[in-house]
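So the chains spell out like this:
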Amino acid sequence: MDLDQKTLLNLYKTMTTIRHFEERGIPETGQRQMSASVHSSAGQEAVPTGVCAHLTVDDYIGSTHRGHGHCIAKGVDPKLMMAELFGRATGTNQGKGGSMHIADMSKGMLGTNGVVAASVPLAVGAALTSKLRKLGRVAVAFFGDGGANQGVLHESMNLASVWKLPVIFCCENNGYAESTPVEYGLSVANVADRAAGYDMPGFTVDGMDVFAVYEAAGQAVARARAGEGPTLLECRTYRFYGHTVFDNPLSYRTKEEEDIWRARDPLKQFRERVVPEGIITAEELDRLDQEAEDLMEEAIRFADDSPMPELSELYQDVYVDYPLDMMRRGVNMAD
Amino acid sequence: MDLDQKTLLNLYKTMTTIRHFEERGIPETGQRQMSASVHSSAGQEAVPTGVCAHLTVDDYIGSTHRGHGHCIAKGVDPKLMMAELFGRATGTNQGKGGSMHIADMSKGMLGTNGVVAASVPLAVGAALTSKLRKLGRVAVAFFGDGGANQGVLHESMNLASVWKLPVIFCCENNGYAESTPVEYGLSVANVADRAAGYDMPGFTVDGMDVFAVYEAAGQAVARARAGEGPTLLECRTYRFYGHTVFDNPLSYRTKEEEDIWRARDPLKQFRERVVPEGIITAEELDRLDQEAEDLMEEAIRFADDSPMPELSELYQDVYVDYPLDMMRRGVNMAD
Amino acid sequence: MTTTTAPMTSTVAREIMYREAINEALRQEMERDETVIIMGEEIAGGAGREHLGIVDAWGGPFRTTVGLIQQFGNQRVLDTPLSEAAFVGAAIGAASTGMRAVAELMFVDFIGVCMDQLLNNAAKMRYMFGGQVKVPFVLLTRIGAGFGSAAQHSESFYSIFSHIPGLKCVVPSDAYTAKGLLTAAIRDDDPVIYFEHKGLYGNRGPVPEEPYVLPIGKARTVRPGSDITLVGISRMTWVCTEAADELAKEGVNAEVVDLLSISPIDYDHVIESVKRTHRLVVVDEDTPVCSIASEICARVAEEAFEYLDAPPSRVTAPHTPVPYSRPLENIYLPNASRVINTVRRLVNG
Amino acid sequence: MTTTTAPMTSTVAREIMYREAINEALRQEMERDETVIIMGEEIAGGAGREHLGIVDAWGGPFRTTVGLIQQFGNQRVLDTPLSEAAFVGAAIGAASTGMRAVAELMFVDFIGVCMDQLLNNAAKMRYMFGGQVKVPFVLLTRIGAGFGSAAQHSESFYSIFSHIPGLKCVVPSDAYTAKGLLTAAIRDDDPVIYFEHKGLYGNRGPVPEEPYVLPIGKARTVRPGSDITLVGISRMTWVCTEAADELAKEGVNAEVVDLLSISPIDYDHVIESVKRTHRLVVVDEDTPVCSIASEICARVAEEAFEYLDAPPSRVTAPHTPVPYSRPLENIYLPNASRVINTVRRLVNG
Ligand SMILES: Cc1ncc(C[n+]2csc(CCOP(=O)(O)OP(=O)(O)O)c2C)c(N)n1
Ligand SMILES: Cc1ncc(C[n+]2csc(CCOP(=O)(O)OP(=O)(O)O)c2C)c(N)n1
Ligand SMILES: [Mg+2]
Ligand SMILES: [Mg+2]
């Protein structure tokens, strides 16, 4: 392992923060907002962690409905995310977006997105900005195995290749689109097999192994920064819970399968790699776990203590500038 | 050449009919309908001819804005097509569709289509009908090199592969999407290179050589009929004229390039193959040319002698059943 | 409900839920006509896992299609890849070659990924082809805010489909109309967009066991009245009746018309009512501009101008996306008090 | 034209065409602000053939973007593959990261292939993100029937965009408004859909050489009158003036309002006019149901009810696709005689 201690600790810290956010934050959100539109990425932590470790705050990412991990890995403050999930005015999006729309433009986080693969061309556009303005930034477009079959992804990969844009198309292949197994929905063995059709490199890596992701992403990011164009990076991973909080995953997958993947838990694997070799002590990792746990308690408190948005917010930021009267049509007659 | 005389004559007859339709019918249409929305397929005759030679009247095709050749090769009556182009009540579509919407359901011709690649999923759906109802029919989805970059094509190829449908995805790569060269718009060398991404066979053949097209299409159709699923067949071809009647192709391509492709005229090549070998005489081919010429005169006369649609047709066939009053809203107040 | 345009059979004892009514209509039509097929994401779920004993993971995210795959098999009940443009287009292609094809778009918010197939193929083929083809295609989709699901999973948006010539559109408001209109939609030879409201799935109501058709294009009066006509669309019908109950206490007798169909719109029914009540409020969960609410107000103003004692009025969602935070979403949604305020203003002058 | 809401500069001698005015606005804004970029299919043409001396095959199918690539190069003037969802989405992504991005959709009829990007990203990002982002994105597209191009190349369809919260929409009607509104659209921090009418490209009119902005959301009166208000949209404005000229001979003095912007709509202007004339006809080339015409009639009926002496009325295209055959297309299009008949009925009735 040629990673320095600091990098290693950061990788683990990101993963455990994501894990704790999902395991603690999602049930709490459920109690408060009562919405099915929250998706846990627990199990998939190695992917955003390994990829975003190569990014600076100025680089861009576009994300999915299952995007908490992307946000945290890109540096978005979990406290503000929690407040967002709770619908509070202090949230990343002032409570107006929720889990599926968390954005932090100050961190290059172009939004989680509720429409599958819809953020992909946004990331391509951000890469275009970088190229035209010579900013040296790269953009990562995260999408799922289900998203791999959306037309806009195909168009976006072609466009990015034609324009040689600094984009990494990162597929989190977690085996399922809702309940639909990837073997059913995807006509080819690997998503990365499609890269050749766009004249770009394609890799399939073990998405439960943060080192594997880190290494492959490093190459892809380096290629993008060097102006050599896009890469398609597929990470094979697994979500430990249901599609949302409401479904029972055992209605479409087996306990045995879950156990196999649980055994490959990316946090556990990380421990098993670094602790026996004496690179990092178990205590240090425990401390990071504890910090993450504490952070979540703090985040929940922060969110709970935060106010709900003012009701006038309903009409704010629809536009930069628009007549209020037209927005209130259908409402103001009645008030 | 292991094709029998009759097949050979039919191939040529189809090609010369298409050529004559384009060269005679398009200018005549221009004079009457004054529309830019007519696209000549002259130069590309070998593709629909070679492909449709394997189809029966019950098989299906979906076509493009450049679809006269597909229609004729699938057995649509050029007289009715001409009447359609002239906007006459006797046209294939009663004059309501024109060049970009010619359809003849009795011939399995599911319509030329004005939206690039939009007819592709229709052909997939027709193949689904065939599969579910065990009709033994195949469907061919024609599209262009420009269409190759549309999202719906990608989705359709994946879907057809997942469902193992009897579809042939036939790309007429004529080097240009309007004025945009395929080398610019397509990120990969050949459209057929994308087939692997959908786990289907892909072939690139010389689309100026009807024998090459015929052979490759034969394999693809056989595979489809055998229930083995879809094929992607790319035919490299060229349109002899502009994108529509209005543009000057020399604004985006060179005279030299045109000359090279003109020299590879599929009708001429056919002659050069079969006449010297004594398989068919020049006179026989001349006679077919003459017949096509006569047919066009007849078609133009037929179309010119045909009435325009009744004005009440404006409201016919929007629906099978709908209140006329609602359709005439915005009009009937005024009449 | 008081009157319906379609006769209810006399033997209605059984009550089932809206979601079950949808399921029953699909099942009965698939039994009746073997050309009926249905496709979409997750409509069975767990696709391709038969060997593990999984044939129906959940039967659709809202369980509207549960059990169909067991009964009709995976050739007629087709789970699809996440590719709306392709499978909606394929359903249209199948419908134009002899099937009656039903496709499901999970939420209407996603319509933008497959709009072209509806707009340029389903809606226009028959016309462009000079009447050569019928397109018996049904798109099932879901509408409605109020579930904390934010801007991309809460739209209504049906006005856009009503705008499009060549499409028919229905908005069932309870279990009875859900079954009758879906049966009608499947048997219809034109493309029909069928809007299910997420907020109605659990509603129970009397539903005949046998198949029946409610004619597309017919509204019904769910509460007779004489002072004002409230026109409701989908769940908003019940917002209207709630308002009407409250208004009755003030001596205002509101008639509530449940539109049921938004293409075509039953103007005879609406205008007949307004000619009696002389006042109109349309309650629409969609955003206001170029909405069904504007359409109805405009047409009533055009055709019943002389009968109107007050401006034809709208209560709708605001011209904003749907916010996530619950307090904001609550004020986003049209509700009874907003209807009541509007009515009071119109009635009192 | 008689009055405009924006002052015309005094030095207007030069007349140019609508298409040239569009080109000039693009050119001047690109000169003024280096973050302005434009992308689309064929906007230069012959892409990648610089080595053959081809840098601009035609400058767009309607030559609206001709010459831009010579001046600004192929990094700011980007021909695209035939992939609307990707490049429209990319333009939105670029706009949200610091560019002012203009994208062209060749015909509005194709909107269905990229609708999702407009609907769920461009229109909602700012709101969903709690105001964190501006999306200075312009979509140029083309509308209009009358060219023998049948059902998939002749739509107007703008009402659908007016319906969508988060988008602004403008419909310039002549060279002067084409330039001023495009300049405004590019400088605007919100997404703007800019509808060019195919039937207006060749129209000449006085246009100041210097850049100027016509405010989005302002209508103008192109002909004052006192007996009835005719509201025109895009090319229909000139159908209205044609009708007004004819009506003047009969002693009917029609005021013609050119809407110019359909999101937001300048209701102050429209309602002020109707309050004076007491009558309204909206002339709209789009199909009637849930149209701008219905919207305006509904709102005028709501807000100026007491002032109306006749039903607010619409002259629109019928609720049908656009037919190919010329005689049918001719009767499809709203025209002056239809407007005149409607006005006569309202004035005499
Ligand atoms: C265009 C579109 N279609 C359908 C949906 C509904 N939906 C939300 S998530 C999902 C599955 C996505 O699968 P995948 O891309 O593999 O991501 P994962 O959930 O596994 O992270 C579906 C079908 C949607 N949001 N957008
Ligand atoms: C979705 C869509 N975008 C753009 C157009 C405008 N358009 C019509 S034909 C064409 C080029 C098509 O190129 P190709 O697919 O190669 O077919 P060809 O014209 O060469 O036969 C374009 C851009 C369209 N009709 N549909
Ligand atoms: Mg997945
Ligand atoms: Mg081409």
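Keep in mind that what you see is a predicted model, and the values were worked out from it rather than measured.

Comments concerning the coordination of the magnesium ion (ligand 3)
Residues and elements named next belong to chain A.
Item 1. Only Asp-145 (OD), Asn-174 (OD1) and Tyr-176 (O) from the protein coordinate the magnesium ion (ligand 3), and they sit 2.0 Å from it.
Item 2. Donor residues for the magnesium ion (ligand 3) sit on one chain with the sequence pattern D-x28-N-x1-Y. Placement of Asp-145 in the loop between strand 2 (139–144) and helix 6 (151–162) and of Asn-174 in the loop between strand 3 (167–173) and strand 4 (176–177) is noted, with a sequence separation of 29 residues between them. A single burial state applies to Asp-145 and to Asn-174, both of which are buried.

So, the sheet that holds strand 6 (residues 202–206) of chain A
All names here are of chain A.
Item 1. As summarised here, the arrangement of the 5 strands in space is 1-2-3-7-6, forming an open sheet in which the pairing is parallel. Of all strands in the sheet, those with a lone pairing partner are strand 1 (60–62) and strand 6, marking the two edges. When strand polarity is set aside, the average angle formed by the axes of neighbouring strands in this sheet is 20°.
Item 2. Strand direction decides the pairing type here: strand 2 and strand 3, joined by 6 bridges, are parallel. Each residue of the ladder has a partner; that of Gly-144, found in strand 3, is Glu-172.
Item 3. On the sheet, helix 6 packs against strand 2, strand 3 and strand 7 (231–236) and is oriented at approximately 150° with respect to strand 3.

Considerations on helix 10 (residues 266–274) of chain B
Residue and element names in this part refer to chain B.
Item 1. Residues of helix 10 that are buried: Pro-266, Leu-267, Phe-270 and Val-274. With its buried residues spanning 100° around the axis, helix 10 presents them on a single face.
Item 2. With a side-chain oxygen lying 2.8 Å from the backbone nitrogen of Leu-267, the N-terminal cap of helix 10 falls on Asp-265.

Focus on the interface of chain A and chain B
Item 1. Counting residues at the interface gives 21 residues for chain A and 21 residues for chain B.
Item 2. Both sides of the chain A and chain B interface together cover about 1600 Å² of buried area, and 46% of this is carbon and sulfur.
Item 3. Sorting the residues of chain A by area buried against chain B places His154(A), Asn158(A) and Ser187(A) first, and these three jointly supply 32% of that buried surface.
Item 4. Seen at the junction of chain A and chain B, the total is 0 salt bridges.
Item 5. Joining chain A to chain B, the criterion identifies 16 residue pairs in polar contact (both at pLDDT 80 or more).
Item 6. For the side of chain A that touches chain B, the elements supplying multiple residues, two or more each, are helix 6 and helix 7 (182–185) of chain A.

Describing the site of ligand 1
Item 1. Taken together, 20 residues form the shell around ligand 1, and within it His65(A), Arg66(A), Asn174(A), Tyr176(A) and Glu84(C) come nearest.
Item 2. Looking at the residues close to ligand 1, they fall on chains A and C.
Item 3. At 2.7 Å, a side-chain N or O of Arg66(A) approaches an oxygen atom of ligand 1.
Item 4. At a separation of 2.7 Å, an oxygen atom of ligand 1 approaches a polar backbone atom of Tyr176(A).
Item 5. Isolated, ligand 1 exposes 570 Å² of accessible area, and the fraction of that covered by the protein chains is 97%.
Item 6. Broken down by class, the residue content of the shell around ligand 1 amounts to 7 nonpolar, 8 polar and 5 charged.

Points about the confidence of the model for chain C
All names here are of chain C.
Item 1. The predicted model of chain C averages 95 in pLDDT, with 96% of residues at 70 or higher.
Item 2. Counting contacts from residues 1–8, a segment whose pLDDT is below 50, to residues more than four positions away or on other chains yields 22 contacts.
Item 3. The ipTM assigned to the predicted complex is 0.98, against a pTM of 0.98.

What about the relation of the copies chain A and chain B?
Copies of the same chain, two in number, are related to each other by a rotation about an axis and a translation along it.
Item 1. Note on the copies: chain A fits chain B at an RMSD of 0.0 Å, the axial shift is 0.0 Å, and the rotation between them is 180°. Between the two chains, the operation in question is that of a two-fold axis. No C-alpha of chain A lies nearer the rotation axis than that of Gly151(A), which sits 1.7 Å from it.
Item 2. Mapped onto chain B, 100% of the interface residues of chain A again fall at the interface, so both copies present the same surface.

So, the domain arrangement of chain C
Residues and elements named next belong to chain C.
Item 1. You can read the domains of chain C as domain 1 (15–206) and domain 2 (220–348).
Item 2. For domain 1 versus domain 2, the separation of C-alpha centres amounts to 27 Å.
Item 3. Across the interface of domain 1 and domain 2, roughly 2100 Å² is buried in total on both sides, 55% from carbon and sulfur atoms.
Item 4. In this assembly, domain 1 and domain 2 are joined by 1 salt bridge.
Item 5. Ionic pairing is found between Arg-220 and Asp-174, a salt bridge with its closest N-O pair at 2.9 Å.
Item 6. Inspection of the region where domain 1 meets domain 2 yields 21 residue pairs in polar contact (both at pLDDT 80 or more).
Item 7. Elements with a minimum of two residues in the side of domain 1 that touches domain 2: helix 6 (158–163), strand 6 (168–170), helix 7 (175–187) and strand 7 (192–197).
Item 8. Here the residues of the side of domain 1 that touches domain 2 sort into 16 nonpolar, 12 polar and 2 charged.

Cut-off values and rules
Residues numbered from 1 in each chain as written. Chains lettered and ligands numbered in written order. Predicted model: local features only at pLDDT ≥ 70, side-chain atom pairs only at ≥ 80, totals over all residues. Heavy atoms only, no water. Donors = N, O, S within 2.8 Å, 3.2 Å for Na, K, Ca; no water. Helix = DSSP H or I, 4+ residues; strand = E, 2+ residues; numbered from the N terminus. Buried < 20%, exposed > 50% of the residue type's maximum accessible area, 1.4 Å probe, protein only. Pairing = 2+ DSSP bridges. Axes fitted to C-alpha atoms, helices over the stretch in contact; angles between N-to-C directions. Contact = heavy atoms within 4.5 Å. Arc of directions from axis to C-beta. Polar contact = N/O pair within 3.5 Å; in protein donor to acceptor, adjacent residues only side chain to side chain. Buried area = accessible area lost by both parts, 1.4 Å probe. Salt bridge = Lys/Arg side-chain N within 4 Å of Asp/Glu carboxyl O. Near = heavy atom within 4 Å. Areas by Shrake-Rupley, 256 points an atom, 1.4 Å probe, with all protein chains shown as cover. Nonpolar A, V, L, I, M, F, W, Y, C, P; charged D, E, K, R; others polar. pLDDT = per-residue confidence, 0-100. Least-squares fit on C-alpha atoms with pLDDT ≥ 70 in both. Domains from an automatic or database assignment.

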